[in-house]
Amino acid sequence: MRDFEITVPVREKQYDELTERERVLVDAARAATGGSYAPYSHFKVGAAILLDNGEVVCGANQENAAYPSGTCAERSACFWAGANFPGSKFEMIAIAAVGTDGEECAEPTAPCGACRQALLEYEKLAGHPVGVLLAGRNKIYCVPSVASLLPLAFSEF
């Protein structure tokens, strides 16, 4: 038997410490929360994906009374990107959320497990790590790859 530890590399930054490219993506994710349809949870999430062709594709969570028929912001954005820009590779994704109080969440919000798995497939298609920016009101977590967020992932596809 062998025990081992899995760690996730995370760099915490303030908005003004981001590169211009990162700021554009965080701003797009924050703006994308406005496209959320969340009449049940009142938790609005926005995602913005930078593609290798320079396009920024956004998505927002969409709820439905026939739960779980809705979709998360991250999958909304990545599936739209895949359908509308086939062959384009993901470079980076930013995620932001507005809480039930109507304010941007102070703490960064991470994607759910289903979104992590979906994003991992697009990272594999990209052939390189896809950076992840988790934006909160007070700080932004920078993670070097989607795989970092999903240790011991299902990756045989």
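Scroll up a little and you will see the structure.
Summarised in this report is the structure supplied together with it. (Residues numbered from 1 in each chain as written. Predicted model: local features only at pLDDT ≥ 70, side-chain atom pairs only at ≥ 80, totals over all residues. Heavy atoms only, no water.)

**Side note on unusual backbone geometry**
Cis geometry is adopted by the peptide bond preceding Pro68, which originates at Tyr67 and carries an omega value of 10°. Residue position: Pro68 is located in the loop between β3 (56-60) and α2 (73-84). With a phi close to 60°, His42 is a non-glycine residue in the positive phi region. Mapped onto the elements, His42 comes out in the loop between α1 (20-32) and β2 (44-51). In this structure, Leu152 is a non-glycine residue whose phi angle is positive, near 60°. Structurally, Leu152 can be placed in the segment after α4 (146-149). (Helix = DSSP H or I, 4+ residues; strand = E, 2+ residues; numbered from the N terminus.)

**Considerations on the sheet that holds strand β1 (residues 11-13)**
A sheet is described by the order of its strands in space; here 6 strands give the open sequence β1-β6-β5-β4-β2-β3, paired in mixed fashion. For this open sheet the edge positions go to β1 and β3, each flanked by a neighbour on one side alone. Strand after strand, the sheet turns through a mean of 20° between neighbouring axes, direction not considered. Relative to strand β5 (residues 131-135), strand β4 (residues 90-98) is paired through 4 bridges, and the arrangement is parallel. Bridge pairing in β5 places Ala94 opposite Leu133. (Pairing = 2+ DSSP bridges. Axes fitted to C-alpha atoms, helices over the stretch in contact; angles between N-to-C directions.)

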